Amino acid sequence: VVALLLSLETCLTLQVLGASIFFHNYWCLLDLAVTALTLASAGYSLSLLVLHPSDSGSCARGSAALLALRFALQPARLLVVCAGIFRARRLQRDIDETSIDFGRLEPA
């Protein structure tokens, strides 16, 4: 479920930003890497469970490296999300402070 939600979020971000902005933004690339590792880990674990249901030890050994890398990158992803929230809040504050006097505009 987490892998699907991460994939959906990454795809939506790619669609909203566009490919040129998405692939030039390091935070988006980090997000893409975490999503790819999550999908790889889930896919590998599911394939081992389906192909070798009686050998649960190989599943744990095989996906350990992917899990370690994924769990190492997830805190970085959390920092990315927090930085995005901070930037959005700062943008809202800046917009609230901007005053526009529509009375000074000339009629068309």
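All values reported here derive from a predicted model rather than from experimental measurement. (Residues numbered from 1 in each chain as written. Predicted model: local features only at pLDDT ≥ 70, side-chain atom pairs only at ≥ 80, totals over all residues. Heavy atoms only, no water.)

(A) Summary view of the layout of surface pockets. The calculated volume of the largest pocket comes to roughly 290 Å³. Lining the largest pocket we find 14 residues, and of these T13, C28, D31, V80 and R87 sit closest to its centre. Sorting the residues of the lining of the largest pocket by element identifies helix 1 (2-17), helix 3 (26-51) and helix 5 (64-97) as the ones contributing at least two each. Ranked by residue count, the leading element in the lining of the largest pocket is helix 5, at six residues. (1 Å grid on protein atoms, 1.4 Å probe; cavity = no way out; pocket = protein on both sides within 12 Å on 5 of 7 lines; lining within 4 Å. Points joined across faces, edges and corners; volume = space filled by probe spheres on them. Helix = DSSP H or I, 4+ residues; strand = E, 2+ residues; numbered from the N terminus.)

(B) Geometry of helix 1. Taking 1.5 Å per residue as the helical rise, helix 1 with its 16 residues ought to reach 22 Å, and the 22 Å between its terminal C-alpha atoms agrees with that figure. Those residues of helix 1 not exposed but buried are A3, L6, S7 and T10. Across the axial projection of helix 1, the buried residues extend over an arc of 100°, all falling on one side. Exposed and oriented more than 90 degrees from the buried face of helix 1 are L4, L5, Q15 and V16. Positive backbone phi, at 90°, marks G18, one or two positions downstream of helix 1. (Expected span 1.5 Å × (residues − 1). Buried < 20%, exposed > 50% of the residue type's maximum accessible area, 1.4 Å probe, protein only. Arc of directions from axis to C-beta.)

Worth remembering: the numbers are spatial, not functional.
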